[in-house]
Amino acid sequence: MRLILLGPPGAGKGTQCKRIIEKYQAAHLSSGDILRAERAAGSELGQKAQSYMDSGGLVPDDLIIDMMIKAVKQAPSGYVLDGFPRTVPQAEGLDQALNRAGEKIDAIVELQVPDSAILSRMTGRRSCPKCGQVYHVENLKPKVEGQCDNSCGPLVQRKDDTPDVVEHRLKTYHEQTAAVVGYYKDKYPILTINADQPIDAVTADVFAGLESLAR
Ligand code: ADP
Ligand code: AMP
């Protein structure tokens, strides 16, 4: 299974990805998680990405395309892409790599959420820096406040989940990323999901959509 999850920051891509990969045994390839790991390791890529990530802008396409093509090649039995592609040139770069490998994407899952729902999701988000599990202070609480359920230790609040950076990320999404859905329109099946519902209801719709595509 090869899927691409699209949607604004805070739409629930990471949350739904975790559930999809569990059910379909695929790799979760989150460009944001990979960049954060590069930053934590102090790599050259991580250092180059830092200022873009802190401000809520996009890391340059050439860096991201190389990074994600490498990740895709390391997941031969399937993956769910989360946060990539975020621009039309990134989508084109991915298509070129897929063509070279004789592969294709099975479906695009687009999570639709109004901007008005995003701020509280992102400012309430808490993440595990070790396993990447995502929680929310109200919508998806960990069993013990502030601690990852997978015994990894304390949860953190992302530096880019502050109101002003969230506002910039939403603007970036509308200006540069929303067009990616149009790019895929006649290329792959697109599942459009109402993600402005409770998390389990979104998962149920995603699973039902994927099953109907497989029939
Ligand atoms: P993305 O990966 O698209 O940026 P996340 O999956 O990290 O989004 O979700 C952002 C925050 O919103 C998290 O704190 C998550 O727990 C919460 N969340 C995700 N989906 C929903 C939903 N359907 N309703 C309410 N909160 C949600
Ligand atoms: P995310 O974890 O998906 O919210 O991404 C966090 C930040 O990483 C974004 O605000 C960008 O600065 C950067 N980033 C992640 N994915 C991409 C991408 N595909 N293209 C450019 N920048 C990205």
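Here's a quick rundown of the structure. Being a predicted model, the structure only gives us computed values, none of them experimental.

Parameters and conventions
Residues numbered from 1 in each chain as written. Chains lettered and ligands numbered in written order. Predicted model: local features only at pLDDT ≥ 70, side-chain atom pairs only at ≥ 80, totals over all residues. Heavy atoms only, no water. Helix = DSSP H or I, 4+ residues; strand = E, 2+ residues; numbered from the N terminus. Buried < 20%, exposed > 50% of the residue type's maximum accessible area, 1.4 Å probe, protein only. Lys, Arg positive; Asp, Glu negative; His and termini not counted. Salt bridge = Lys/Arg side-chain N within 4 Å of Asp/Glu carboxyl O. Contact = heavy atoms within 4.5 Å. Pairing = 2+ DSSP bridges. Axes fitted to C-alpha atoms, helices over the stretch in contact; angles between N-to-C directions. Expected span 1.5 Å × (residues − 1).

**Topic: the side chain of R121**
And step 1. Relative to the assigned elements, R121 resides in helix α6 (residues 118–123).
And step 2. Buried charge R121 goes without a salt bridge, the closest partner of opposite sign being D196 at 4.4 Å.
And step 3. Every residue in contact with R121, bar those within four places of it in the chain, is listed here: G10, A11, G12, V113, H136, A195, D196 and Q197.

**Some details on the sheet that holds strand β4 (residues 107–112)**
And step 1. Read across the open sheet, the five strands follow the order β2-β3-β1-β4-β7; overall the sheet is parallel. The sheet is open, and its two edges are formed by β2 (27–30) and β7 (190–194), each paired on a single side. Neighbour-to-neighbour, the strand axes of the sheet open up by a mean angle of 20°, direction not taken into account.
And step 2. Both β4 and β7 contribute to a ladder of five bridges, which runs parallel. Bridging from a neighbouring strand, Q112 pairs with N194 of β7.
And step 3. In the packing of helix α2 (residues 31–41) onto the sheet, contacts are made with β2 and β3 (79–82), and the angle to β2 comes to roughly 70°.

**Digging into helix α1 (residues 13–24)**
And step 1. Taking 1.5 Å of rise per residue, 12 residues should cover 16 Å, and α1 covers 16 Å from first to last C-alpha, within 8% of that figure.
And step 2. All of the buried residues along α1 are K13, T15, Q16, C17, K18, I20 and I21.
And step 3. Buried-residue contacts for α1 involve β1 (2–6), β2, β3, β4, β6 (134–136) and α9 (199–214).
And step 4. Looking one or two residues beyond α1, the residue adopting positive phi is Q25, at roughly 55°.

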